[in-house]
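Residue-level structure breakdown
The lines below spell out each chain.
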Amino acid sequence: MTFLLQRMIFEGMGATSGVAPRFSTLIIGSKMIGRKLNVAVVPLNQRDRKECITKKCDFRPKSACAMQRRLDFQLSLSCNHSQAITVVESGNVSSFDEDCLLKNKAEEVASFLNGRSIFLLGMMGSGKTTVGQVLSTALGYSFIDSDAYVEQAMGGTSVAQIFKHHGESFFRDHESEALWKLSSVPRQVVATGGGVVVRHINWKFMRQGISVFLDVPLDALARRIAIVGTDSRPLLHFDSGDAYTKTFVELFTLKKKRSMAYEDADATVSLLNLAANLHLDDMSDITPTAIAIEALVQIGEFLREENDSARRVHS
Ligand SMILES: Nc1ncnc2c1ncn2[C@@H]1O[C@H](COP(=O)(O)OP(=O)(O)O)[C@@H](O)[C@H]1O
Ligand SMILES: O=C(O)C1=C[C@@H](OP(=O)(O)O)[C@@H](O)[C@H](O)C1
């Protein structure tokens, strides 16, 4: 894997010139392409800027390391947030403290959320459960899977069994009821079922919180689901045939019906965009933590826009 996540603070390639860098960006991803370092950055917030003081930041890739697709540079940061310190010694490749970045971003966003819950939306396999658990822990929220909630309400009957014995419409009624109940509970990350967007009433419940669409290309979804199997996902379960192909075809049909509805989400995390920003060829290299960080960035953007438009209305 050529991708390295580093917590490094300096201003772009200006750091190589020996000029003391100013703090404007936080590099969250880097990748060697030949002898060139490509980086992905996010803006630093005011508090991070105050916290971090760079003593020296000198980037020097060596050809041998470049060939091995490893970074070799010296970076010295002084940062009064002890967890945030990453010192990369010459010859070593640091492990990036993604968790620290997630924690800082979650703290920042949580202070503007006022306890509003997060509803994760997306097609089956888009990572709502996986990312939701990471996000809830970071925010200090509880996590709930709406499918699991319905299963519990049905005395432990699985979603697959509910579909089989009672049909989809029965399941959707219970799904809406679950969302209605969950929408009144603050400080939760809710992983919804992929089909939740098709019923208009569900939006009314989800608007109590903030909805975030995890937009993952169909190929990646089909690959993920083919690995774990389709037993728990009745809409994708077929008696015979290649799981990847059948899943892909079925997801394609469902996505066509749902894509406009997903666009109504308050915020979107596009894995295609994220991979491009991080200079990754393979989307499976994006960790759930990196996706959770991006979700927080997008939630932060939504809150800022919401705040701006509220101010415009009142002025
Ligand atoms: N970022 C990721 N990279 C690779 N695999 C992932 C990622 N996120 C989730 N997965 C895998 O994809 C499958 C579906 O994820 P899940 O979180 O259950 O999706 P959903 O809740 O949206 O249906 C799981 O096997 C999970 O381990
Ligand atoms: O997309 C859908 O219509 C469905 C998605 C499933 O949840 P996940 O998205 O968690 O797999 C589950 O609610 C049910 O099988 C129907």
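Residues numbered from 1 in each chain as written. Chains lettered and ligands numbered in written order. Predicted model: local features only at pLDDT ≥ 70, side-chain atom pairs only at ≥ 80, totals over all residues.

Looking at an unreviewed UniProt entry, the protein carries the name shikimate kinase, with the source organism given as Juglans regia. Within the UniProt record for the protein, the comment given under Catalytic activity (unreviewed entry) is "shikimate + ATP = 3-phosphoshikimate + ADP + H(+)". What UniProt records for the protein under Pathway (unreviewed entry) is the sentence "Metabolic intermediate biosynthesis; chorismate biosynthesis; chorismate from D-erythrose 4-phosphate and phosphoenolpyruvate: step 5/7." (UniProt positions renumbered as here; feature names shortened; annotations may be inferred.)

Before going further, it helps to spend a moment on the environment of methionine 123. Its place among the elements puts methionine 123 in the loop between β7 (118-121) and α4 (128-139). With 98 residues separating them in the primary sequence, methionine 123 and leucine 221 have C-alpha atoms 8.0 Å apart. Among residues more than four places away in sequence, those in contact with methionine 123 are Gly194, Val216, Leu221, Leu251, Leu254 and Lys255. (Helix = DSSP H or I, 4+ residues; strand = E, 2+ residues; numbered from the N terminus. Contact = placed C-beta atoms within 7 Å.)

The next thing to look at is the site of ligand 1. For ligand 1, the set of nearby residues contains 15 residues, the closest of which are Gly127, Lys128, Thr129, Thr130 and Arg224. Those elements giving two or more residues to the shell around ligand 1 turn out to be α4, α9 (218-228) and α12 (288-314). Broken down by element, the shell around ligand 1 gets its largest block of residues, 3 residues, from α4. Taken together, the residues of the shell around ligand 1 sort by class into 6 nonpolar, 7 polar and 2 charged. (Near = placed C-beta within 6 Å. Nonpolar A, V, L, I, M, F, W, Y, C, P; charged D, E, K, R; others polar.)

Turning next to unusual backbone geometry. The phi dihedral of arginine 187 is positive, around 55°, even though this residue is not glycine. By the secondary structure assignment, arginine 187 is in the loop between α7 (168-182) and β9 (188-191). Positioned with a positive phi, histidine 279 is a non-glycine residue whose angle comes to about 55°. Structurally, histidine 279 is set in the loop between α11 (271-277) and α12.

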